[in-house]
Every structure is written in C-alpha cells, then in structure tokens.
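Descriptive structure summary
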Amino acid sequence: MDFAFLLECFERLLPGIPMTLKLAGFSLLIGLVLAVLLAMARLSGIVVLEWFSRAYVFVFRGTPLLVQLFLIYYGLGQFPAIRQTFLWPFLREPYWCTLLALSLNTAAYGAEIVRGGLLSVAAGQVEAARACGMSGWLLYRRIVFPQALRQALPAYGSEIILMVKATSLASVVTLLELTGIAHKLISESFRAIEVFIVAGAIYLAINFVITRAVAWGERRLSPDRPADPLPSLPAA
Amino acid sequence: MKEAIRVKNLTKRFGALDVLRGIDLAAHEGEAIAILGSSGSGKSTMLRCINLLEIPTGGDVIVAGEQIAFKEKGGARLPADRRQVDRIRSELGMVFQSFNLWSHMTVLQNVMEAPVHVLKRPAAEVKEEAMGLLAKVGIADKAGHYPSHLSGGQQQRAAIARALAMRPKAMLFDEPTSALDPELVGEVLRVIRGLAEEGRTMLIVTHEMNFARDVASRIVFLDKGVIDAQGTPAEMFNGGGSERFRQFTAKQNA
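For the structure given in this document, a descriptive report is provided here.

So, how was this worked out
- Residues numbered from 1 in each chain as written.
- Chains lettered and ligands numbered in written order.
- Predicted model: local features only at pLDDT ≥ 70, side-chain atom pairs only at ≥ 80, totals over all residues.
- Heavy atoms only, no water.
- Helix = DSSP H or I, 4+ residues; strand = E, 2+ residues; numbered from the N terminus.
- Buried < 20%, exposed > 50% of the residue type's maximum accessible area, 1.4 Å probe, protein only.
- Contact = heavy atoms within 4.5 Å.
- Areas by Shrake-Rupley, 256 points an atom, 1.4 Å probe, with all protein chains shown as cover.
- Lys, Arg positive; Asp, Glu negative; His and termini not counted.
- Charge placed at Lys NZ, Arg CZ, Asp CG, Glu CD.
- Pairing = 2+ DSSP bridges.
- Buried area = accessible area lost by both parts, 1.4 Å probe.
- Salt bridge = Lys/Arg side-chain N within 4 Å of Asp/Glu carboxyl O.
- Polar contact = N/O pair within 3.5 Å; in protein donor to acceptor, adjacent residues only side chain to side chain.
- Axes fitted to C-alpha atoms, helices over the stretch in contact; angles between N-to-C directions.
- Parallel < 35°, antiparallel > 145°, perpendicular 65-115°, else oblique.
- Left-handed = near helix turned anticlockwise from the far one by under 90°.
- Nonpolar A, V, L, I, M, F, W, Y, C, P; charged D, E, K, R; others polar.
- Core = buried A, V, L, I, M, F, W, Y, C linked by side-chain atoms within 4.5 Å.
- Arc of directions from axis to C-beta.
- Phe/Tyr/Trp six-rings, centres within 6.5 Å; stacked < 30°, edge-to-face > 60°.
- Lys NZ or Arg CZ within 6 Å of the ring centre and 35° of its normal.

With that out of the way, let us pick up the overall build of chain A. Within chain A, the secondary structure is distributed over eleven helices and zero strands. Sequence-ordered secondary structure for chain A, helices as α and strands as β, is α-α-α-α-α-α-α-α-α-α-α. Dimensions along the principal axes, computed over C-alpha positions, put chain A at roughly 70 × 60 × 35 Å. Among the 236 residues that make up chain A, the fraction classed as buried is 44%. A separation of at least 24 residues holds for 79% of the contacts in chain A among residues at least 6 apart in sequence. For chain A, the computed accessible surface area is about 13000 Å², with 71% contributed by carbon and sulfur atoms. Both charge centroids of chain A, one from 19 positive and one from 14 negative side chains, sit 9 Å from each other.

Residues and elements named next belong to chain B. Judged by pairing direction, the sheet is antiparallel, and its four strands sit side by side in the order β2-β1-β4-β5 without closing on themselves. On the outer flanks of this sheet lie β2 (17-28) and β5 (66-67), each paired with one strand and no other. Here strand β1 (residues 3-14) pairs with strand β4 (residues 58-63) via five bridges, running antiparallel. Along β4, the bridge assignment pairs Ile 5 with Val 63.

The subject of this paragraph is the interface of chain A and chain B. Contacts between the two partners involve 21 residues from chain A, matched on the other side by 25 residues from chain B. Between chain A and chain B the total buried area reaches about 2000 Å² when both faces are included, carbon and sulfur atoms providing 55% of it. The largest per-residue losses of area from chain A upon contact with chain B belong to A:Ala131, A:Cys132 and A:Asp224, which jointly make up 26% of the total buried on that side. Our count for the chain A to chain B interface comes out at two salt bridges. Its salt-bridge partner being A:Glu127, residue B:Arg48 comes within 2.6 Å of it at the nearest N-O pair. Across the contact surface, chain A and chain B share ten residue pairs in polar contact (both at pLDDT 80 or more).

Moving on to the packing of helix α3 (residues 107-117) of chain B against helix α4 (residues 123-136) of chain B. All names here are of chain B. In the contact formed by α3 and α4, the axes pass within 9 Å of each other and the chain directions differ by 130 degrees. The angle between α3 and α4 places the two elements in the oblique class. The way α3 lies across α4 gives a crossing that is right-handed. Of the residues in α4, those touching α3 at Val 107, Leu 108, Val 111, Met 112, Pro 115 and Val 116 are Ala 123, Val 126, Lys 127, Ala 130, Met 131 and Leu 134. Looking at side-chain class alone, the contact of α3 with α4 contains eleven nonpolar, no polar and one charged residues.

Core analysis: the largest hydrophobic core is formed by 101 residues, its most contacted members being A:Leu13, B:Ile5, B:Ile35 and B:Leu203. Once residues within four sequence positions are removed from consideration, A:Leu13 is found in contact with A:Leu178, A:Ile181, A:Ala182, A:Leu185, A:Val195, A:Val198, A:Ala199 and A:Ile202. By size, the runner-up hydrophobic cluster in this structure holds 39 residues, among which are B:Phe99, B:Ala165, B:Phe173 and B:Val215.

Residues and elements named next belong to chain A. Buried within helix α1 (residues 3-13) are the following residues: Phe 5, Leu 6, Cys 9 and Leu 13. Projected down its long axis, α1 shows its buried positions confined to an angular sector of 105 degrees, all on one face. Opposite the buried face of α1, by more than 90 degrees, sit the exposed residues Phe 3, Ala 4 and Glu 11. Looking at the buried residues of α1, the elements they touch are α2 (17-42), α10 (178-189) and α11 (192-221). Two or three places before Ala 4, at the opening of α1, Asp 2 has a side-chain oxygen 3.2 Å from that residue's backbone nitrogen.

With that settled, the discussion passes to the packing of aromatic side chains. Summed over all chains, the structure comprises eleven aromatic pairs over all chains. Residues A:Phe90 and A:Trp96 carry aromatic rings whose centres are separated by 5.2 Å and whose planes lie at 85 degrees to one another, so their mutual orientation is edge-to-face. Judged by centre distance (6.1 Å) and plane angle (65 degrees), the ring pair of A:Trp137 and A:Phe145 falls under edge-to-face. For A:Trp137, a relative accessible area of 59% corresponds to the exposed category. Residue A:Phe145 is classed as partly exposed on the basis of its relative accessible area, which comes to 23%. Linked through ring pairs, B:Phe221, B:Phe237, B:Phe245 and B:Phe248 together constitute an aromatic cluster. It is B:Arg162 that lies over the ring of B:Trp102; its NZ or CZ is 4.3 Å from the centre.

Below, the structure is given as structure tokens:
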C-alpha cells in the first residue's frame with residue numbers, strides 16, 4: 001500500500017466534503033419540511049390531499065433517484081416553457097438540479113417515517129391535551145410533534161445516512177463532490193482501489209459523526225427511556 | 001345554588017347503537033355526583049359528551065351558564081366555535097381511566113403545561129402552584145420524574161394535580177381507579193375524597209360502590225342510556241332507587 005498516495009488522495013478529496021455536506025444538509029432540510037406536509041396531508045382525512053400524498057410517495061419512492069436526477073437535469077430543459085421562467089437560471093445548474101432531486105426524493109421516504117411517528121402517538125395523549133383546552137398548532141407543537149419525533153428519530157437517522165451516500169450521484173451530473181473528485185483522481189492516476197478506499201473512509205467518518213449525533217438526540221428526546229429496554233433473549 | 005354543569009336531553013348514537021337516549025342532569029356547585037351503571041350503560045360517554053371529547057348527537061350542554069353552540073354540516077352535528085370548545089374544556093378538569101399523562105414530560109411539566117400554554121399564566125407562578133398541588137396529592141418528591149417511572153396510583157394522582165392546576169369549575173372523573181392494582185386504589189380515592197370535602201364540583205364515573213356511598217352527595221344510576229334512578233346515597237342504598245339499581249348493587253356485592 002502506497003501511503004504517500006493515500007495521503008495525497010485524502011488531501012485532494014477534502015475540498016469535496018463541503019459540497020457533499022451542503023447537498024445532504026440542504027436536501028434533508030427541504031425534504032423534511034415537505035415530508036411533514038406530505039405526512040399531514042396523508043393523515044388529514046381530506047381525500048384530495050390524501051391521494052396527492054400517496055401518489056407522490058408512490059412515484060418518488062418507486063423510481064430510482066438516479067432516474068429522477070436525469071429527468072430533472074436533462075429533462076426539464078426540453079420544455080421551452082420552463083426555459084422562459086425565472087427558474088431556468090437555477091434549473092440549468094447541476095447543483096440546483098441535484099438539490100431538487102435529492103429533496104424531492106427524501107421527502108417521499110421522510111413522509112412515511114413522519115407518518116409512522118404521528119400514528120404512534122397514543123390517542124390518550126391527544127385526548128388529555130384536548131381536555132385541557134389545547135387544539136390546532138399548540139397541540140401539535142407541544143404534544144404530537146415531540147412524541148412523534150421520539151418515535152421517528154431512529155428511522156430518520158437512517159434516512160440522513162442514506163442521503164449522505166446518495167449525494168454521490170451528483171458526480172454523474174458533473175458536480176465535484178467527494179465521488180466526483182474521486183472519479184477525477186482515478187482518471188488521472190488509474191488507481192481506483194486506493195482512491196475509493198479513501199473516499200469510502202471519508203463517507204464512513206461523516207456517517208460515524210451523524211450516528212453519534214442521532215444517538216445523542218435520541219437520549220435527549222427520551223430521557224425517560226432506559227438505555228436497554230428489551231430483556232435479553234434467553235439462551236437456547 | 002348555581003349550576004356548574006347542566007345537560008339537557010343529551011343523546012349519543014354510534015352508528016346504529018343508541019348509547020345515550022335523553023339524559024337530563026344538573027350538577028350544582030359543590031356537588032359530588034357519582035355516576036354508576038353497568039358497562040355499556042353510557043356513563044363514560046355521558047361524561048365525555050360534557051367536555052366534547054364525544055360530540056353529542058342531540059341535546060345541549062351548559063357549563064357555568066354557557067351553552068355550547070352547535071352547527072349542522074353535511075348532516076353531522078359539530079361544535080360551532082372551536083375556541084368556545086377549547087375554553088369550556090379548559091374550565092373542566094378531566095381525569096382519565098388510563099391517566100394519559102404526557103410521557104415526554106416530567107410530572108411537574110405535565111402539571112404546568114396547560115396553565116402556562118393554554119391559560120398563558122406566568123411560569124414562575126404556575127410552578128409554585130403546581131408544586132403545592134403535587135404536595136397536596138402526596139407526590140411532591142416525584143415532581144422531576146417521568147410518568148413511566150411512577151406507579152399507577154402515583155400517575156393518577158399526578159393526573160389529578162394536572163387537572164386541578166387549571167383551576168377548573170368542575171372535575172370530571174372517568175373511572176379513575178379502574179386501571180389500578182387493588183392496593184393502589186385507596187390512595188387515589190383518598191385524594192378524590194379530599195376534593196369532595198373541599199366542596200369541589202365533581203362528576204365521578206366509578207365502579208367503587210362503597211366510595212360512591214361515602215363520598216358522593218348524589219348517586220345517579222344509568223341504565224341503557226337513560227337515568228334510571230337518582231338520589232342521595234341514603235335514599236339509594238336504603239331500599240330506594242329502582243328495581244334495576246337494586247339488582248345492580250346486589251350483583252356488585254355478590
């Protein structure tokens with residue numbers, strides 16, 4: 001193993017980290033807002049909203065992210081109507097296309113996670129709040145969301161990690177994030193193994209930090225839960 | 001004496017099932033009314049109609065002189081004004097069979113939550129009052145604990161403190177001891193008895209016959225969705241009441 005080369009790879013890959021984090025961070029932020037809206041639409045009891053939400057999740061969860069990215073990056077520009085709108089300066093940039101694809105995609109998965117969290121809130125908890133005179137936004141903010149979040153966070157933690165990895169697809173539309181730079185290094189050096197080992201290690205390091213942060217968040221949100229609530233299985 | 005709660009010709013139907021078939025009842029200030037009846041008689045439903053956790057199919061609910069307004073929408077009857085419902089609910093303290101303490105908050109936070117966020121009272125003042133209420137129900141030492149770390153009896157006493165913190169005009173108890181282990185029933189009943197002795201207006205749905213006899217100022221017996229008999233405990237338990245009521249008590253004591 002050529003450690004000097006590994007180190008060089010590491011140094012050349014470092015500038016890709018901000019782009020990777022930016023894509024993951026912003027798409028998760030936008031996606032989460034959409035996910036909450038989609039989940040609430042799905043549970044609203046209003047037929048039109050419910051079906052919109054179902055259809056959205058079906059389409060964006062049922063097609064590959066790469067296909068969605070291609071459709072947005074290569075597809076939207078085909079429509080003259082879109083090229084004439086104020087959106088065109090954004091939609092012709094690979095960065096904004098990727099951010100859009102990632103956001104729309106994570107919104108679909110996030111909606112299902114948020115929906116699961118909302119459904120897990122016991123009816124009695126909501127009833128107790130109503131009986132005290134809470135309703136609407138106050139009820140959601142103080143009782144429903146905090147409890148739904150506790151349930152949803154473990155699953156959402158996985159979604160965060162999936163999104164960090166999904167940013168690597170941005171390389172196919174020419175963005176120079178971690179994987180994009182890695183490709184460039186390989187085409188210069190023809191040493192795929194070393195480059196990808198270093199790139200993989202960087203992803204792993206990022207996700208290690210995220211895993212710890214999510215675990216910390218879980219403990220913060222559920223201080224009443226024991227660290228190890230399930231009894232161990234009896235020995236066979 | 002003034003009426004704290006009055007229901008007029010209250011009816012409630014679930015699908016084809018008539019659960020309440022015309023209830024007329026007035027609770028005067030300071031009265032502790034025990035509502036008895038076999039399961040399915042509609043006693044919990046009646047209580048839940050008073051604070052609109054169930055929407056009555058027909059009839060009126062009047063709390064402290066204020067009548068709850070309804071409107072018709074698509075053949076369904078709905079409260080006309082959500083803010084009125086919220087306000088009336090905040091004037092009634094509800095205690096549930098399964099406690100329903102908010103699991104993500106400590107006991108103290110549970111008690112402070114609604115006074116601070118619904119009534120918008122200053123937190124410092126509410127905290128002092130909340131600690132006083134927790135001391136009153138005997139769990140001041142549990143203020144910082146989460147509900148899941150408390151026994152059922154402690155949780156129910158915390159729930160009573162939570163309801164009292166709203167300074168309610170009347171308390172509604174929906175089978176407050178039915179979910180408790182037998183040895184924990186006493187500690188909760190003692191707290192409720194104390195409230196009755198303070199002269200609080202209360203409606204108590206219960207299966208605890210002896211408790212009802214000792215504590216209630218009036219017994220109301222529901223059968224098949226109507227008030228079958230009512231009277232003071234002395235009247236009801238000394239050969240009064242109805243034929244159904246005597247059968248009911250005989251079965252309970254058997």
